[in-house]
Amino acid sequence: MIQNLVDGVLVGSILSLGAIGLTMAMHMLRFANFSHAELLSIGAYAALVFDGLFGAIHPALAEAIPPLSLTWSLSIAILISMALTGVSAVLIDRLVFKRVRAKGGELSMVFASFGVAMIIRNILGLIFGLSPKLYSQDIVFAIVVSRDPFLLIKPDQVFTLVAALLIMVILHVILSRTTFGYALRAVAENPSLAQVSGINLSRMIVLIWLIGGGLAAAAGVFYGLTNQINPVLGRDLVLPIFAATIVGGIGSIYGAVLGGFIVGLASNLALVILPSGYSPAVPFLIILAVLIVRPHGLFGEERT
Amino acid sequence: MIGVISYLVFFATVASILSIAVLGLNLQWGNTGLFNGGVVAFFGAGAYGTLILGGTPQAGQMGGFELPYLIALLGGMVISGIVAWVVGLLTLRLRHDYLAIATFGVAVAFETVMRNSDWLGGAQGIRGFERPLRDALGNGFSYNLAFLAFVLVVLIGIYLFLERLIASPFGRLLRAIREDETAARSLGKSPSRIRLTAFVAGSVIMGLAGGLYATFYAFISPQDVLPILTFQIWAMLIVGGAGNNKGAVMGTFLIWAAWTASGWALSRFAPMDVQLYTGSIQFVLIGLVIVGMLMWRPQGLFPEKLVVSQSAKDK
């Protein structure tokens, strides 16, 4: 039970990072982006590539930072991967979504995002193989925090949680303290009024993809660090991340953070009563529950 | 020669069954503008329903009610309809992306439950279904030919029904809601109720396709309700032309031919070490087809015919 709670918080932090970008893009561009979770895969694999590259350049970089399995090279690779994934998100928007936006309605975008997800996922599979990959082959033993109730925590998990929370705090400071943050919130509230006030909408869209992609990359690496990396990572995470945005209310960044933790906790607590094979269905139950009780989520507002 | 013909019969049967599902999706997406991200769930509900209601009892499994075939098929459709009604009731009042996410979720949940519940067949799927009229027709080529004829009759029946439906006042109402919900509401129509009707009707048609599919193979397993089937069905509709029933059927045969041909070509000509990845290559191709169509020809090969209503023509 306690173990499930702790694991739930950890998974929750990863889902939150993914959900922030998704909720921003969904709110601004008015479409459910089913390819968002593939950005996590792109991030995870990009970090894998650069991790290997830096490790090969200088052997000292391949050393793990005790007590983690995280190496110096991977920590630099995370930052590069965040930047690269952000750029890929912008590129995908330029290449596909922008053109579909110009041609058709919002729902064509949803179709297109499914197609994009399909392409990215399988190209990653073709490049990196279908078998799971790990950042480190070293076995890092979990630390027994307590025996009764039994609780195991890996140092990597603690790092992941701290890093995820740190990223969210930085984002919060940016949103609440900078002109950019005000502009972003203004666009989210009322795009036309924001434009009248001199905010460049297309630049804001690029920035949202950059931020969303960057956060997704971090989430992907953290997921790979605590589980494993495989090409279907996006397929497995897309529904939990959507559930997080719906719980929080589409468009609410703080809602997405809270929603991520709620979905992570609920999914892991559900394992107490359900066999683990059923866990992919839990996010759907959460979505149904939210739609029945509070259709617009915790912080969402009614909008058509 | 007989090999080629029997393969063509097999191909035509599967393509016709899928056409029925695509027609169901066309009612939802093409005519009403409803995004169904979980076609497989409704297809699968019909398939499982038909086999459970019409099959012979199996140890440790629910079902085996041995109902007469047509009643089992109808029962499968009803089950699809109930699933659609629940999902639709919860989501159709909300912003459209909720329906997309919820239907996607329903498909994931459906596959997960079927895979893990041993009393519903589990990962092994449901067997022990006696194909109707097997005693009279045998199990060979003549049976498949007769079954193709049956599927074609159903397909034509659904096609004519939908053509009549969209030409009727109800069909006009669907398009009115798709084009301008507020205007439809101002004329005293209830968009959410009409949308729910269309959504359930489309899902029931998908359930019918699923029931026929399960009858054809006398077997259904979670492996048959993977998300890829949803993509294939969409690709068929988008390529054919959303809103056009003829396009939906043509698109189905075209995409299904391309899919099977690409699978065959990859397994025949690709080097051994690539064989493992033929699935991935096919998925990339179908993704490119969907994205490419949306970018360059969103109206499909057979665009929807724009209907001008009578009164406007008179002026």
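Residues numbered from 1 in each chain as written. Chains lettered and ligands numbered in written order. Predicted model: local features only at pLDDT ≥ 70, side-chain atom pairs only at ≥ 80, totals over all residues.

(A) Just the overall build of chain A, in detail. Within chain A, the regular secondary structure consists of 11 helices and two strands. Starting at the N terminus and walking to the C terminus, you meet the elements of chain A as α-α-α-α-β-β-α-α-α-α-α-α-α. In summary, chain A has a C-alpha radius of gyration of 19 Å against a globular reference of 19 Å for 304 residues, a match within 12%. Each principal axis of the C-alpha distribution contributes one length, and for chain A these read about 55 × 50 × 40 Å. Considering only contacts in chain A between residues 6 or more positions apart, those separated by 24 or more positions represent 75%. (Helix = DSSP H or I, 4+ residues; strand = E, 2+ residues; numbered from the N terminus. Rg over C-alpha atoms; globule rule 2.2 N^0.38 Å. Contact = placed C-beta atoms within 7 Å.)

(B) Representation of the overall build of chain B within the structure. What chain B contains, in helices and strands, is 13 helices and zero strands. Ordered by position from the N terminus, the helices and strands of chain B form the series α-α-α-α-α-α-α-α-α-α-α-α-α. Relative to the compact-globule value of 20 Å for 315 residues, chain B shows a C-alpha radius of gyration of 20 Å, a close match. Projected onto its principal axes, the C-alpha coordinates of chain B cover approximately 60 × 45 × 35 Å. Looking at the 315 residues of chain B, the share that counts as buried comes to 49%. Once local pairs closer than 6 in sequence are excluded, the contacts in chain B between residues at least 24 apart make up 77%. (Buried ≥ 20, exposed ≤ 12 C-beta atoms within 10 Å, placed from the backbone.)

(C) Local environment of the interface of chain B and chain A. Each partner contributes to the interface: chain B provides 36 residues, whereas chain A provides 40 residues. Broken down by secondary-structure element, the contributors of at least two residues to the side of chain B that touches chain A are α3 (69-91), α4 (96-116), α10 (227-240) and α12 (278-296) of chain B. For the side of chain B that touches chain A, the leading source of residues is α4 of chain B, giving 15 residues. Its residues assigned to classes, the side of chain B that touches chain A comprises 25 nonpolar, eight polar and three charged. (Nonpolar A, V, L, I, M, F, W, Y, C, P; charged D, E, K, R; others polar.)

(D) Structural view of the packing of helix α7 (residues 169-179) of chain B against helix α9 (residues 191-217) of chain B. Residues and elements named next belong to chain B. Viewed as axis vectors pointing N to C, α7 and α9 meet at an angle of 115 degrees, and their least axial separation amounts to 10 Å. Judged by the sense of rotation from one axis to the other, the crossing of α7 with α9 is left-handed. Residues Leu173, Leu174 and Ile177 of α7 form the contact with α9, whose own contacting residues are Pro191, Ile194, Arg195 and Ala198. Of the residues assigned to the contact of α7 with α9, the class counts are six nonpolar, no polar and one charged. (Axes fitted to C-alpha atoms, helices over the stretch in contact; angles between N-to-C directions. Left-handed = near helix turned anticlockwise from the far one by under 90°.)

(E) Looking closely at unusual backbone geometry. Residues and elements named next belong to chain B. One non-glycine residue with positive phi stands out, namely Glu66, at about 50 degrees. Mapped onto the elements, Glu66 comes out in the loop between α2 (39-54) and α3. A residue is classified by how many C-beta atoms lie within 10 Å of it, and Glu66, with 13 of them, is partly exposed. Positive phi is not limited to glycine here, since Ala218 has a value of about 50 degrees.

(F) How the structure looks around the environment of Ser262 of chain B. All names here are of chain B. Among the secondary structure elements, Ser262 is positioned in helix α11 (residues 245-269). In the structure, Ser262 is positioned 16 residues away from Thr278 in sequence and 9.0 Å away in space, judged by C-alpha atoms. Apart from the residues within four sequence positions on either side, Ser262 is in contact with Gln282 and Leu285.

(G) Broad picture of the nonpolar core. Formed by 187 residues in total, the largest nonpolar core has its most connected members in Ile20, Ala209 and Ile290 of chain B. For this core, the leading source of residues is helix α8 (residues 201-226) of chain A, giving 14 residues. Apart from the residues within four sequence positions on either side, Ile20 of chain B is in contact with Val154, Leu155, Ile158, Ile205, Leu208, Ala209 and Leu212 of chain B. (Core = buried A, V, L, I, M, F, W, Y, C linked by C-beta atoms within 7 Å.)

(H) Summary view of the environment of Ile17 of chain B. Residue and element names in this part refer to chain B. Residue placement: Ile17 occurs in helix α1 (residues 2-31). For the pair Ile17 and Leu133, spaced 116 residues apart in sequence, the C-alpha to C-alpha distance is 19 Å. Among residues more than four places away in sequence, those in contact with Ile17 are Val151, Ala209, Leu212, Tyr213 and Phe216.

(I) Structural detail: α2 of chain B. Spanning 16 residues, α2 of chain B covers 23 Å between terminal C-alpha atoms, matching the ideal 22 Å at 1.5 Å per step. Taken across its 16 residues, α2 of chain B has 16 buried, putting it largely inside the fold. (Expected span 1.5 Å × (residues − 1).)

(J) Quick look at helix α5 (residues 155-177) of chain A. Residue and element names in this part refer to chain A. The end-to-end C-alpha distance of α5 is 33 Å, a good match for the 33 Å that 23 residues give at a rise of 1.5 Å each. Looking at α5, one finds that the buried residues are Asp156, Gln157, Thr160, Ala164, Ile167 and Met168. Among the structural elements, α1 (2-29), β2 (151-153), α8 and α10 (253-273) are those in contact with the buried residues of α5.

(K) Highlighting the confidence of the model for chain B. All names here are of chain B. Here chain B shows a mean pLDDT of 89. Residues at 70 or above account for 97%. Mean pLDDT across the secondary structure elements of chain B bottoms out at helix α13 (residues 310-314), with 53, and peaks at α9, with 95. Of the two predicted TM-score estimates for the complex, the pTM is 0.90 and the ipTM is 0.88. (pLDDT = per-residue confidence, 0-100.)

(L) Region of interest: the packing of α3 of chain B against α4 of chain B. All names here are of chain B. Viewed as axis vectors pointing N to C, α3 and α4 meet at an angle of 145 degrees, and their least axial separation amounts to 9 Å. For the pair α3 and α4, the sense of crossing is right-handed. Contacts between α3 and α4 involve Val83, Val87, Leu90 and Thr91 on the former and, on the latter, Tyr98, Leu99, Ala102, Thr103 and Val106. In the contact of α3 with α4, the residues fall into seven nonpolar, two polar and no charged.

(M) Summary view of the environment of Gly104 of chain A. Structurally, Gly104 of chain A can be placed in the loop between α3 (72-103) and α4 (106-128). With near-sequence residues (within four places) excluded, Gly104 of chain A lies in contact with Leu294 and Pro298 of chain B.

(N) Just the pairing of strand β1 (residues 143-146) of chain A, in detail. All names here are of chain A. Bridge analysis of β1 against β2 gives three bridges, and the strand direction is antiparallel. The partner of Ile143 across the bridge, within β2, is Ile153. Between β1 and the antiparallel strand that follows it, β2, lie four residues. (Pairing = 2+ DSSP bridges.)

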